[in-house]
Each structure stands twice: as structure tokens, then as C-alpha cells.
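# Inside the fold
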Amino acid sequence: MTAHQAITRPVFPAETLDAMERLYPLQAGLLRHRLPDHPLLSLAALADLGEQLPPAQVEYNPGDLPVGIRPEDVPSNGLSIGETIRTIDTNRSWAVLKNIESEPAYRQLLLDLLGELEPVVAPRTGAMLTPQGFVFISSPGSITPYHFDPEHNILLQLQGTKVMNVWPAGDERFAHRLEHERYHTGGHRNLPWQENFEGGQQRVPLAPGDAVLMPVMAPHFVANGDAPSISLSITWRSEWSYRESEAHAANAALRRMGFNPAMPPRWPNHARAKTLGWRVARKLRLVS
């Protein structure tokens, strides 16, 4: 494994921290970064990493998929993960390496980057919990289907271009409460797509040196440009994000009992009673 290369100057300039002050944690928005070419993030290093990671930390498939494809309908691309990454410029595929922090050199890189953001993040959502890193490698024209994620996330564009299409988090027009409940009780991240969603999104074009701040559970899909793309996603959780997850899981339990609970408020401090009740119920094994 390639050793960690020390970063000698801040990756996130002052303008990015200023933008974070305005946006975090509820709004998506364009940021800037200056992560240099890094040996850990070359195609060769990423192909080696993919071959070393356990299968649960690797996902890859053809990249020319419909925006709203169901998880069970996603086909195989017929290649190994190493082959997929090494030939990404021609094989029309999409790949993600998950939880790269399981490798010490990648974990140090992740922690270095998150450490630069902590002065902005901590006063708003508290400690940066469960740091995780993901690398996305995409062929020209690839689509990442419509989905949402439970983490606070900044995606750094390293090679190629793409457009992040982001819809407002917590807006049931684009992700109904039942989809949140399904996801937070073990369902897949992909969401049902409707053509009338088009036009309701914020479009964030990304080129090398750009990054995008993604709010927790903001529905989105990604359209790659006309060149192979590499993106690094640095993520963390907060007590706030965990409360939101627990509020949706508690709603799912209530729904199974015949109730029709409302969508939890976007700022989960207001859902404290429900989430604390959910934690107690889990400890007492009253819910699964």
C-alpha cells in the first residue's frame, strides 16, 4: 500500500470555510479545494486498494444506467473491481470504494482533511463522529442513480467533471417519509424517481479543484462528464444526524403499530423525545 503523503498546506482555502459558515449543515453548495495529485488517489493505487478491500466495501456496475433504476435491477459489468478501475476510460462503468479509512494511510488522509473543517462543523453539529471516506471512479457519461445518504458529506472532484443534481433534504415531494423509514430500517439508499422531479434541483457543476457540500439525506443523482472521473467523498456523522436516523426508525415502528406519524423536523433537537424513546426501546429489545 502506498504510504501517506503529508499535506504541507491547507487543502480547504479560507473561501471554503467562509462558504461552510453560510451553508452547513442544511444547504448544498459549491466549495473549493486544493488537494494536490496524491499517490493514494491515482488510478493504479485505487485499483490496488479495490483488490485489497473486502467485497462489502466495493460496489461497481455499468455506468450507463437510468436515473431511477431499482437496486435489484442493476446488472454486473462482467469485470473484477481491479479491471473496472484500470480500464475506467473505456468500460462504461461506475465504481465506489467504501470505508477507505479501514486502511491506515487513507484514514490519516481522511482525518487530515476533516481536521481542517472541524472549527466550522463542531460549533454547529458537535463532534465529528464516525469519519468515513469513499472514492468514486466513473467512466465518461456515467450516471449515479437517484439516492440519499445519512452522512454529512463533502465530495472533492479530483479528475474529470460531473454535475451533482441535488434536491432539498427533508422535502417529501422528492423523498417521502416512507422512503426515509424504509432506509433507516435497513433498506437500500436508491430512491424512486419521477420525471416531474426534474427542475426542482440545484445543479452543481464540478471540475478538478471544486467540491460540493451535501446535506444529510439530500436526494441527488450524479451525471459524469465526457472524461473519466475520480472523486473523494469525506463524510462524518453527528449526534444531530443520528437523531434524525433514529426518529425515522421510531416512526417506522409506530407505523407498524398502526399509527401514521408525521415527518420528523429537519433539525432533530425537536425530535429528542422520540429518539430517546427509540434508544430505550432498542436497549430493552422492544423493537428490532
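Scroll up to find the structure this text is about.
Reference entry: report on the structure contained in this document.

What counts and how
- Residues numbered from 1 in each chain as written.
- Predicted model: local features only at pLDDT ≥ 70, side-chain atom pairs only at ≥ 80, totals over all residues.
- Heavy atoms only, no water.
- Helix = DSSP H or I, 4+ residues; strand = E, 2+ residues; numbered from the N terminus.
- Rg over C-alpha atoms; globule rule 2.2 N^0.38 Å.
- Buried < 20%, exposed > 50% of the residue type's maximum accessible area, 1.4 Å probe, protein only.
- Contact = heavy atoms within 4.5 Å.
- Areas by Shrake-Rupley, 256 points an atom, 1.4 Å probe, with all protein chains shown as cover.
- Lys, Arg positive; Asp, Glu negative; His and termini not counted.
- Charge placed at Lys NZ, Arg CZ, Asp CG, Glu CD.
- Expected span 1.5 Å × (residues − 1).
- Pairing = 2+ DSSP bridges.
- Axes fitted to C-alpha atoms, helices over the stretch in contact; angles between N-to-C directions.
- Polar contact = N/O pair within 3.5 Å; in protein donor to acceptor, adjacent residues only side chain to side chain.
- Parallel < 35°, antiparallel > 145°, perpendicular 65-115°, else oblique.
- Left-handed = near helix turned anticlockwise from the far one by under 90°.

## Some details on the overall build of the protein
- Within the protein one finds 7 helices and 11 strands.
- Taken over the C-alpha trace, the protein has a radius of gyration of 19 Å; the compact-globule value for 288 residues is 19 Å, and the two agree within 12%.
- With the C-alpha coordinates aligned to their principal axes, the bounding extent of the protein is approximately 50 × 40 × 40 Å.
- For the protein, with 288 residues in total, the buried portion stands at 55%.
- The long-range share in the protein, meaning contacts at least 24 apart out of those at least 6 apart in sequence, stands at 84%.
- For the protein, the accessible surface area stands at approximately 12800 Å², while carbon and sulfur atoms represent 54% of it.
- With 27 positive and 30 negative side-chain charges, the protein shows a spacing of 8 Å between the two charge centroids.

## Focus: helix 4 (residues 104-125)
- Its 22 residues place the ends of helix 4 only 26 Å apart at the C-alpha level, less than the 32 Å of an ideal helix rising 1.5 Å per residue.
- Within the sequence span of helix 4, burial applies to Ala105, Tyr106, Leu109, Leu110, Leu113, Leu114, Leu117, Val120, Val121 and Thr125.
- Here the buried face of helix 4 lies against helix 1 (14-23), helix 2 (43-52), strand 4 (129-138), strand 6 (152-159), strand 11 (229-237) and helix 6 (239-256).
- Following helix 4 by one or two positions, glycine 126 adopts a phi angle in the positive range, close to 80°.

## Here we look at the sheet that holds strand 5 (residues 143-147)
- With respect to topology, 4 strands assemble into an open sheet ordered 5-10-7-8, the strand pairing being antiparallel. With partners counted over all chains shown, the strands left at the sheet margins are strand 5 and strand 8 (202-206), one partner each. Going across the sheet, the axis of each strand differs from the next one's by a mean of 15°, ignoring polarity.
- Of the pairings in the sheet, the one linking strand 7 (residues 162-166) to strand 8 comprises 5 bridges and is antiparallel in character. Across the sheet, residue methionine 164 finds its bridge partner in strand 8, namely valine 204.

## Some thoughts on the sheet that holds strand 6
- Strand order in the open sheet formed by 7 strands is 1-9-6-11-4-3-2, and the pairing between neighbours is antiparallel. With one partner strand each, in any of the chains shown, strand 1 (29-32) and strand 2 (58-62) form the two edges of the open sheet. Strand-to-strand twist across the sheet, computed as the mean angle between neighbouring axes with direction ignored, equals 20°.
- In this structure, strand 3 (residues 93-97) lies alongside strand 4, joined through 4 bridges in antiparallel fashion. Bridged to leucine 97 within strand 4 is valine 135.

## Quick look at the side chain of arginine 189
- Of note, arginine 189 is situated in the loop between helix 5 (177-183) and strand 8.
- A distance of 3.0 Å separates a polar atom in the side chain of arginine 189 from a polar atom in the side chain of glutamate 59.
- For arginine 189, the contacting residues outside a window of four places in its chain are Glu59, Trp94, Lys98, His147, Phe148, Asp149 and Tyr183.

## Topic: unusual backbone geometry
- In the segment running from tyrosine 24 into proline 25, the intervening peptide bond is cis, with an omega of 5°.
- Counting through the fold element by element, proline 25 comes out in the loop between helix 1 and strand 1.
- Not every positive phi belongs to a glycine, and asparagine 99 is a case in point at roughly 50°.
- With respect to the element layout, asparagine 99 can be found in the loop between strand 3 and helix 4.
- Phi is positive for methionine 217, which is not a glycine, with a value near 65°.
- Relative to the helices and strands, methionine 217 is located in the loop between strand 9 (210-214) and strand 10 (220-224).
- The class of methionine 217 is buried, set by a relative accessible area of 1%.

## Describing the packing of helix 1 against helix 4
- Interhelical geometry of helix 1 versus helix 4 gives an angle of 15° and a closest axis separation of 10 Å. On the basis of the axis angle, helix 1 is roughly parallel to helix 4. Helix 4 is crossed by helix 1, and the crossing has right-handed handedness. On helix 4, the residues that touch Leu17, Met20 and Glu21 of helix 1 are Glu116, Leu117, Val120, Val121 and Arg124.

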